[in-house]
Amino acid sequence: ELEDYADIFELNISCPSSKMDFYKGGEENKSNKKAFSLFAEVKQTTKKPVIVKLSPDYPNKEILRHARYFGIEAINFANTSQVEDKRLSIGYGG
């Protein structure tokens, strides 16, 4: 169990390479619901502080409101900026 080895957990939900990236493809509402569900589940699973990591490129006020509602302790806006480059294996990343 990770709980024994961590002081804090960070949910990187804005990684450009992640399927959870709610900024890609105009599916923000669908992905927001995934994020809200994730917040609720994580906060029920651990008593440790939780950080949500977001991209500074796309501030999502709905995510911020729900993170606060579910008791997320901190928001990290230090994720990398999204770039598109055909040299990257999937064509984009950060």
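J.: When you look at the pattern of salt bridges in this model, what are you seeing that I'm missing?
T.: Opposite charge on two side chains permits pairing when their charged atoms draw close. Tallied over the entire structure, the rule returns 2 salt bridges. The partner of Glu62 in a salt bridge is Arg65, with the nearest N and O atoms 2.8 Å apart. Pair noted here: Glu62 and Arg65 are both in helix H2 (residues 61-69), with a separation of 3 residues, about one helical turn. Residue Glu62 is classed as partly exposed on the basis of its relative accessible area, which comes to 29%.

J.: Help me understand the nonpolar core, please; the structure alone is not making it clear to me.
T.: Soluble, globular proteins show a tendency: their nonpolar side chains are buried together. One finds Leu11, Ile13, Ala35, Phe36, Phe39, Val42, Val50, Val52, Leu54, Ile63, Ala67 and Ile72 forming the largest nonpolar core, which totals 12 residues. Looking at this core, the elements with two or more residues in it are helix H1 (28-45), strand E2 (50-53) and H2. Ranked by residue count, the leading element in this core is H1, at 4 residues. Among residues more than four places away in sequence, those in contact with Phe36 are Glu62, Ile63, His66 and Phe70.

J.: Where do I start with the side chain of Thr46 in this structure?
T.: Relative to the helices and strands, Thr46 resides in the loop between H1 and E2. Not counting residues up to four positions away in its chain, the partners in contact with Thr46 are Glu3 and Phe9.

J.: Mind showing me how you'd approach the environment of Phe9 here?
T.: On the secondary structure map, Phe9 appears in strand E1 (residues 9-12). Along the backbone, Phe9 and Thr46 are 37 residues apart, and their C-alpha atoms lie at a distance of 9.0 Å. Setting aside chain neighbours within four positions, we find Phe9 in contact with Leu2, Glu3, Thr46, Lys48, Pro49, Val50 and Ile51.

J.: Help me understand the packing of aromatic side chains, please; the structure alone is not making it clear to me.
T.: For any pair of aromatic rings, geometry is given as the distance between the ring centres together with the angle between the planes. Here the structure, examined in full by the defined rule, presents 2 aromatic pairs. Where Phe39 meets Phe70, the ring centres are 6.5 Å apart and the plane angle is 65°; that geometry is what we call edge-to-face. Residue Phe39 is located in helix H1, and its partner Phe70 is located in the loop between H2 and strand E3 (74-76); the two are separated by 31 residues in the primary sequence. Cluster of aromatic residues (ring-pair linked, three or more members): Phe39, Tyr69 and Phe70.

Here is what the cut-offs are and how they apply
Residues numbered from 1 in each chain as written. Predicted model: local features only at pLDDT ≥ 70, side-chain atom pairs only at ≥ 80, totals over all residues. Heavy atoms only, no water. Salt bridge = Lys/Arg side-chain N within 4 Å of Asp/Glu carboxyl O. Helix = DSSP H or I, 4+ residues; strand = E, 2+ residues; numbered from the N terminus. Buried < 20%, exposed > 50% of the residue type's maximum accessible area, 1.4 Å probe, protein only. Core = buried A, V, L, I, M, F, W, Y, C linked by side-chain atoms within 4.5 Å. Contact = heavy atoms within 4.5 Å. Phe/Tyr/Trp six-rings, centres within 6.5 Å; stacked < 30°, edge-to-face > 60°.

Honestly, that's just the spatial picture; any functional story needs more than this.
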